[in-house]
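Here's the letter readout for the chains.
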Amino acid sequence: MGNKSSLILRPEDIQQIQEETGFTPNQIERLFSRFTSLDRGDCGTLSKDDFLRIPELAINPLCDRIVHAFFIDSNDDRVNFRQFMNVLARFRPPKPNKIKLNSREDKLKFAFKMYDLDNDDLISREELLNILQMMVGENIDQEHLISIVERTIVEADRSGTGKITFDDFCNALSRTDVERKLSIIFLS
């Protein structure tokens, strides 16, 4: 699924995507329709600019990080339909069928990567400050944000690195219902 001749969603594609993601065939077809409407070049892939044309996404303060998440597993700056679906699957509510993409651990990894701006598997003070600034804009002064960052690092950094590791991140969110908070209900 990546060139003009593969812009048709075949039954075997639907079945494979359903097994990988847990989406129903109807949901897959609806999301394929949305995917193809975003694909202005009719090339079977989306660019970052294609995502930025989504009005609801464009107004989100974390737009750049959300769009970046779609390209983490991409070898170039294009995303095919299967990659698109795998990212969306991370936002599905967990079901008894245990699709790995929307497990607690995978949701935590996904959230951690949103904060890890330089992809070094650590969240530094600077990265945390940058994300908070994206989230709150000018609504909170810099001094207060720095105080929040310092307090967060002190509370979360159990490894003593001055940064937040993935284990620190998981521990800090151990009492948070990540499965529910990082879920979107997709229409059938």
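In what follows, the structure referred to is the one given above.
These numbers were taken from a predicted model, which means no experiment stands behind them.

1. Brief notes about the environment of V79
Then step 1. Structurally, the position occupied by V79 is in strand β2 (residues 79–80).
Then step 2. Residue V79 is classed as buried on the basis of its relative accessible area, which comes to 0%.
Then step 3. V79 sits 24 residues away from S103 along the chain, and the two C-alpha atoms are 22 Å apart.
Then step 4. The contact partners of V79, leaving out residues within four places of it in the chain, are F35, G44, T45, L46, F70, F71 and F84.

2. What about unusual backbone geometry?
Then step 1. For N119, which is not glycine, the phi dihedral falls at a positive 55 degrees.
Then step 2. Note that N119 resides in the loop between α7 (104–115) and α8 (125–136).
Then step 3. Owing to a relative accessible area of 42%, N119 belongs among the partly exposed residues under this scheme.
Then step 4. Backbone geometry at D121 places phi at a positive 65 degrees, although glycine is not the residue there.
Then step 5. Take D121: its relative accessible area is 47%, and that puts it in the partly exposed class.

3. Regarding the side chain of R92
Then step 1. With respect to the helices and strands, R92 occurs in the loop between α6 (81–89) and α7.
Then step 2. Salt bridges are absent for the buried R92, whose nearest opposite-charge side chain, D106, sits at 11 Å.
Then step 3. Not counting residues up to four positions away in its chain, the partners in contact with R92 are T21, G22, F23, I99, N102, K107, S183, I184 and F186.

4. Considerations on the packing of aromatic side chains
Then step 1. All told, the structure shown has 12 aromatic pairs when counted by the stated rule.
Then step 2. Taking the centre distance of 5.3 Å and the plane angle of 70 degrees together, the rings of F35 and F81 count as edge-to-face. Of this pair, F35 sits in helix α2 (residues 25–38) while F81 sits in helix α6, and the two are 46 residues apart along the sequence.
Then step 3. Residue F81 is classed as buried on the basis of its relative accessible area, which comes to 1%.
Then step 4. Members of the aromatic cluster, each reached through a chain of ring pairs, are F32, F35, F51, F70, F71, F81 and F84.

5. A few points about α2
Then step 1. For α2, which comprises 14 residues, the first-to-last C-alpha distance of 20 Å matches the rise-based estimate of 20 Å (1.5 Å per residue) to within 8%.
Then step 2. Inspection of α2 places Q27, I28, L31, F32, F35 and L38 among the buried residues, and these make up the whole buried set. Here the buried residues of α2 occupy an arc of 135 degrees about the axis, which is enough to place them on one side.
Then step 3. As for α2, its buried residues are in contact with α1 (11–21), β1 (45–46), α3 (48–52), β2 and α6.

6. Notes on the pattern of salt bridges
Any two side chains of opposite charge can pair, given that their charged atoms come close.
Then step 1. Inspection of the entire model under this criterion finds 12 salt bridges.
Then step 2. One salt bridge connects R90 with D106, and the closest N-O pair in it is separated by 2.9 Å. Placement of the pair is R90 in the loop between α6 and α7 and D106 in helix α7, with a sequence separation of 16 residues. Exposure class is identical for R90 and D106. Each is buried.
Then step 3. A salt bridge links K109 to E105, with the nearest nitrogen and oxygen atoms 3.3 Å apart. Placement of both K109 and E105 in helix α7 is noted, with a separation of four residues, approximately one turn of the helix.
Then step 4. The partly exposed category is assigned to E105, whose relative accessible area is 47%.

Rules behind the numbers
Residues numbered from 1 in each chain as written. Predicted model: local features only at pLDDT ≥ 70, side-chain atom pairs only at ≥ 80, totals over all residues. Heavy atoms only, no water. Helix = DSSP H or I, 4+ residues; strand = E, 2+ residues; numbered from the N terminus. Buried < 20%, exposed > 50% of the residue type's maximum accessible area, 1.4 Å probe, protein only. Contact = heavy atoms within 4.5 Å. Lys, Arg positive; Asp, Glu negative; His and termini not counted. Salt bridge = Lys/Arg side-chain N within 4 Å of Asp/Glu carboxyl O. Phe/Tyr/Trp six-rings, centres within 6.5 Å; stacked < 30°, edge-to-face > 60°. Expected span 1.5 Å × (residues − 1). Arc of directions from axis to C-beta.

None of the figures reported here should be taken as evidence of function without further support.
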